[in-house]
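Structure at a glance
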Amino acid sequence: MDDYIKYEIDTEFIKLDSFLKLAGVTVTGGQAKILVLDGRVSVNGEVCTMRGKKLRNGDRVKCGAFCFEVESPCRCDDIPLKLRGTGRCGSHDKSIGNKYNSGV
């Protein structure tokens, strides 16, 4: 099993090609674009060829020997008060979902 390095971003999401450059997998955005379009990057265990894919908290990115897990700030303020602290903001438990893909 691969060991994933937690990599913190300071926004709710980051695009895949930007993440590869920020994390030091590539030096330039052009290199990141080629890796993604060539199918050499996986997100959450599946090959991803969308360089603009939005990575959010808990997403796992693998490219060669590089394995990262994205950590982003909690967005509990974006959900109704009665659900705050329950893990339903999407930042704590992706299986529950977030405001974009759940009934919240």
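The structure contained in this document is the topic of the report that follows. (Residues numbered from 1 in each chain as written. Predicted model: local features only at pLDDT ≥ 70, side-chain atom pairs only at ≥ 80, totals over all residues. Heavy atoms only, no water.)

1. Quick word on the overall build of the protein chain
Note the cut-off: Runs of E in the DSSP output that reach at least two residues are strands. Runs of H or I that reach at least four are helices, and both are numbered from the N terminus. Contacts between residues were defined by any pair of non-hydrogen atoms, one from each residue, lying within 4.5 Å. Exposure was quantified through the Shrake-Rupley algorithm and a 1.4 Å probe, taking into account, for residues, occlusion by the shown protein chains and nothing else.
Of regular secondary structure, the protein chain possesses two helices and seven strands. In the protein chain, the succession of helices and strands from N to C terminus is β-β-α-α-β-β-β-β-β. Long-range contacts, defined here as pairs at least 24 residues apart, represent 47% of the contacts in the protein chain between residues at least 6 apart. Summed over all atoms, the accessible surface of the protein chain reaches about 6400 Å², with 49% contributed by carbon and sulfur.

2. What about the packing of aromatic side chains?
Two descriptors summarise a pair of aromatic rings, namely the distance from one centre to the other and the angle between the planes of the rings. Keep this limit in mind: Think of it this way: a Phe, Tyr or Trp ring, Trp meaning its six-membered ring, pairs with another when their centres are within 6.5 Å, and the plane angle makes it stacked under 30 degrees, edge-to-face over 60, tilted otherwise. Exposure categories follow from relative accessible area, calculated using a 1.4 Å probe and restricted to protein chains: below 20% of the type maximum is buried, above 50% is exposed, and the middle band is partly exposed. Geometrically, a lysine NZ or arginine CZ counts as sitting over a ring once it is within 6 Å of the ring centre and also within 35 degrees of the ring normal.
Summed over all chains, the structure comprises four aromatic pairs. Geometrically, the ring pair formed by Y7 and F19 is edge-to-face, given 5.5 Å between the ring centres and 85 degrees between the ring planes. With Y7 in strand 1 (residues 5-8) and F19 in helix 1 (residues 16-22), the pair connects residues that are 12 residues apart, well separated along the chain. Look at F19 and F68: their rings are 5.7 Å apart centre to centre, the planes differ by 85 degrees, and that puts the pair in the edge-to-face class. Taken together, the residues F19 in helix 1 and F68 in strand 7 (residues 66-71) connect sequence positions 49 residues apart. Taken individually, F19 and F68 each receive the classification buried, so the pair is uniform in this respect. In this structure an aromatic cluster arises from ring pairing among Y7, F19, F66 and F68. Over the ring of F13 we find K54, and its NZ or CZ is 4.5 Å from the ring centre.

3. A closer look at the nonpolar core
We apply this condition: Among buried residues, the Ala, Val, Leu, Ile, Met, Phe, Trp, Tyr and Cys ones that are joined through side-chain atoms within 4.5 Å form a nonpolar core.
In this structure, L16, F19, L20, V25, V41, L55 and V61 are the most contacted members of the largest nonpolar core, which totals 18 residues. Breaking this core down by element, the ones donating at least two residues are helix 1, helix 2 (29-37), strand 6 (60-63) and strand 7. Not counting residues within four places of it along the chain, the set of residues in contact with F19 comprises Y7, I9, I14, L55, V61, F68 and V70.

4. Topic: the pattern of salt bridges
Rule in force here: In what follows, salt bridge is the name for a side-chain nitrogen of Lys or Arg lying within 4 Å of a carboxyl oxygen of Asp or Glu.
Scanning the model with the defined rule gives four salt bridges in all. With a closest N to O distance of 3.4 Å, D17 and R51 form a salt bridge. On the criterion of sequence distance, the pair formed by D17 in helix 1 and R51 in the loop between strand 4 (46-47) and strand 5 (54-56) is long-range, its members being 34 residues apart. The class of D17 is buried, set by a relative accessible area of 13%. Classification of R51 by relative accessible area gives partly exposed; the value is 37%.

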